[in-house]
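Observations on chain architecture
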Amino acid sequence: RLRSPSHMSMMLRTIRSKLQCDHIRTKAFPKRSPQKGARFHLSRILQLSSSPLSDLPPPDAAQIIQGPSLLANTNVHRPSPSMFFLPGLRSLPFWTSPPTADDDPSKVSIAYGDPAVTSIVKHLEANYEVIKEEYMLAVMGQGRSTDMTVDRPTVPKPLEPDYDVNKVGGEHASNKLHAGNWDWHSYILNGRAQPRFAEACPKTVEILSQLQEYLFYENKSESENPFGFTFFSTLHGKSYIKPHTGPMNLRLRIHLPLIVPSNTKPDAFSSKPQTKCGIRVGNQIRSWKEGKAVVLDDSYEHEVWNETNEHRVLLLLDIWHPDVRMEERKRIGKMFGFAMKKGWIGPSSSGEE
C-alpha cells in the first residue's frame, strides 16, 4: 500500500520500467519516436495487470505521461516535486514579499498580483486574532485547568496532536525528514476533514469554510485528494525539518504565523546566519511575523528550523495553484480517487502522508 511520496515515486518508476519492455509497448501503445516518450493511462496499467475491463478509471480522469528526462544539478533552484509535475504553471519560491517593520496591514503584496491568492491572504490576515485566540484556548487550554502556558497543567490539553511524526515513520520520521518535536492539530489531514478539530475550533473552521473553493482537497465520492493539509503547525524549540520537496506543483502552501519566538537574532551557536527561526525555499530565506501570511511553492526544495527555546506556531493550509483550472482540478481529483480505491496511494490508519 503506497502512502507517501517516496512510495508513489517507487510505483511510478516501476510502471516506467514496465513501459520499456517491448511486449508492453507493442501491446498497449502505438509506436512512436523515442524522444517523445510513452503515454500511459491508469486504465492501460490495469489492463496489463489483468484487471477486468469493468474496473477501469473514469474516462475523464487525468492522465500521467512519462515525460522527457529531468535536467538537474544545474546549481539553480527550480521546482522539483517528488512525484509529478504539471507544466505551464507560474512558479516562484515565495509568492509574498518579506515582512517589514512598518508594514501597512491594509496592503498585501502578492506575486503577479494574483487576485485569488490576494483575497485568501487578506481574509486570513483579517482573522488572525480570532484564529490565534482559538488556538490558545483549544490547544494550549489558556485560562483553564488545562493551561499549557503554566508549568504544570492539572489535566492534558483539550486538543491532542493528531499526527505523531515520531511514531508514524516514513518520510516524516525523526531520523529522516524531521528532528525534534513537531505537533500537528489538523483540520484537513490527507484531504479529509477532522471532526475533533471542528468541534474544538469552530471559529477557525468557519473562517476556512469561506475559502472552500480554494482549499486543496476534495470531498466527493468519485473524487479524492490525499495530498491536502490544513493544520496548526507547532514547531518546538531546537527542532528542524530537513531539506525536501513537496510531491507535486499543483498546490501553494500558506503559513499564517500565530506565535513567533521573541528573539530570533543569530548568535555564535546558530547554524543559519540570517535567523534562528526561519524557512528556506529554493535559495531564499525568510522569517515569520505574527499575523503576516507567507505564501510559498513547496515543490521547491525547502527546510525549516527553530533554534530558539520557544515554540513557533502557524496555521498551515494548502490551496490549489491558481493556474490549475477547474476542469483540471476535477480530472485530477478523479485520478486520485481511482488510485486511492486501488490502494496505490492514500493515508494509512495512523495518518501517514
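What comes next concerns the included structure.

With that settled, consider the overall build of the protein. Counting its regular elements, the protein contains nine helices and 13 strands. Within the protein, the fraction of its 353 residues that count as buried is 50%. For the protein, restricting intrachain contacts to residue pairs at least 6 apart in sequence, the fraction spanning at least 24 positions comes to 74%. Entry remark: accessible area of the protein is about 17600 Å², with carbon and sulfur atoms responsible for 51%.

Looking at where Ala 61 falls in the secondary structure, it is placed in the loop between α3 (42-48) and β2 (64-65). Spatially, the C-alpha atoms of Ala 61 and Glu 328 are 9.0 Å apart, while their sequence positions differ by 267 residues.

Turning our attention to the sheet that holds strand β13 (residues 312-320). Ordered in space as β5-β4-β6-β13-β8-β11, the six strands form an open sheet in which the pairing is antiparallel. Looking at which strands have only one partner, the edges of the open sheet turn out to be β5 (192-193) and β11 (294-296). As judged from the eight bridges shared by strand β8 (residues 251-259) and β13, these two strands associate in the antiparallel manner. Bridging from a neighbouring strand, Arg 251 pairs with Trp 320 of β13. Here helix α4 (residues 115-126) sits on the sheet and contacts β8, β11 and β13; the angle it forms with β8, its principal contact strand, is near 20°.

Quick look at the environment of Thr 146 now. Here Thr 146 lies in the loop between α5 (128-138) and α6 (165-168). When its relative accessible area of 10% is taken as the criterion, Thr 146 is described as buried. Separated by 12 residues in the primary sequence, Thr 146 and Pro 158 place their C-alpha atoms 6.9 Å from one another.

So, about the pattern of salt bridges. It is possible for side chains bearing opposite charge to pair when their charged atoms get close. With the rule as written, the count across this model stands at 15 salt bridges. With a closest N to O distance of 2.4 Å, Arg 251 and Asp 298 form a salt bridge. Within this pair, whereas Arg 251 is found in strand β8, its partner Asp 298 is found in the loop between β11 and β12 (302-306), the two being separated by 47 residues in sequence. Here the two residues Arg 251 and Asp 298 agree in accessibility, since each one is buried. Between Glu 303 and Lys 272 there is a salt bridge whose closest N-O contact spans 3.3 Å. Of the two residues, Glu 303 is situated in strand β12 and Lys 272 in the loop between β8 and β9 (277-281); the sequence distance between them amounts to 31 residues. Across the pair, exposure class does not vary: Glu 303 and Lys 272 are buried alike.

The next subject is the sheet that holds β9. Backbone hydrogen bonds are what pair the strands of a sheet, in a parallel or an antiparallel way. If you trace the five strands from one edge of the open sheet to the other, you get β3-β7-β12-β9-β10, paired in antiparallel fashion. The open sheet has two free edges, formed respectively by β3 (178-179) and β10 (284-286), since each of these has just one partner strand. Alignment of β9 against β12, held across five bridges, turns out to be antiparallel. Its bridge partner being in β12, Arg 280 is matched across the sheet by Glu 303.

Looking now at the packing of aromatic side chains. Applying the stated criterion across every chain yields a total of 11 aromatic pairs. On the numbers, 6.2 Å between centres and 90° between planes, the contact of Phe 338 with Trp 344 is edge-to-face. Classification of Phe 338 as buried rests on a relative accessible area of 7%. Residue classification places Trp 344 among the buried residues on the basis of a relative accessible area of 17%. Here the aromatic cluster, defined as three or more aromatic residues joined through ring pairs, consists of Tyr 135, Tyr 187, Phe 197 and Phe 232. A cation sits over an aromatic face here: Arg 286 above Phe 94, 4.2 Å from the ring centre.

Another aspect to go through is the packing of α5 against helix α8 (residues 202-209). It is at 8 Å that the axes of α5 and α8 come closest, and there the two elements cross at 145°. When you trace α5 past α8, the crossing you get is left-handed. Together, Val 130, Ile 131 and Glu 134 of α5 and Pro 202, Lys 203, Thr 204 and Ile 207 of α8 make up the contact between the two elements. Residues that form the contact of α5 with α8 fall into these classes: four nonpolar, one polar and two charged.

Right, let's get into the side chain of Thr 230. Position of Thr 230 relative to the elements: it lies in strand β6 (residues 230-235). Thr 230 sits in the buried class, given a relative accessible area of 2%. Not counting residues up to four positions away in its chain, the partners in contact with Thr 230 are Ser 186, Tyr 187, Ile 188, Leu 208, Leu 215, Leu 315, Leu 316, Leu 317 and Asp 318.

Conventions used here
Residues numbered from 1 in each chain as written. Predicted model: local features only at pLDDT ≥ 70, side-chain atom pairs only at ≥ 80, totals over all residues. Heavy atoms only, no water. Helix = DSSP H or I, 4+ residues; strand = E, 2+ residues; numbered from the N terminus. Buried < 20%, exposed > 50% of the residue type's maximum accessible area, 1.4 Å probe, protein only. Contact = heavy atoms within 4.5 Å. Areas by Shrake-Rupley, 256 points an atom, 1.4 Å probe, with all protein chains shown as cover. Pairing = 2+ DSSP bridges. Axes fitted to C-alpha atoms, helices over the stretch in contact; angles between N-to-C directions. Salt bridge = Lys/Arg side-chain N within 4 Å of Asp/Glu carboxyl O. Phe/Tyr/Trp six-rings, centres within 6.5 Å; stacked < 30°, edge-to-face > 60°. Lys NZ or Arg CZ within 6 Å of the ring centre and 35° of its normal. Left-handed = near helix turned anticlockwise from the far one by under 90°. Nonpolar A, V, L, I, M, F, W, Y, C, P; charged D, E, K, R; others polar.

Geometric descriptors of this kind do not, in isolation, establish any biological role.
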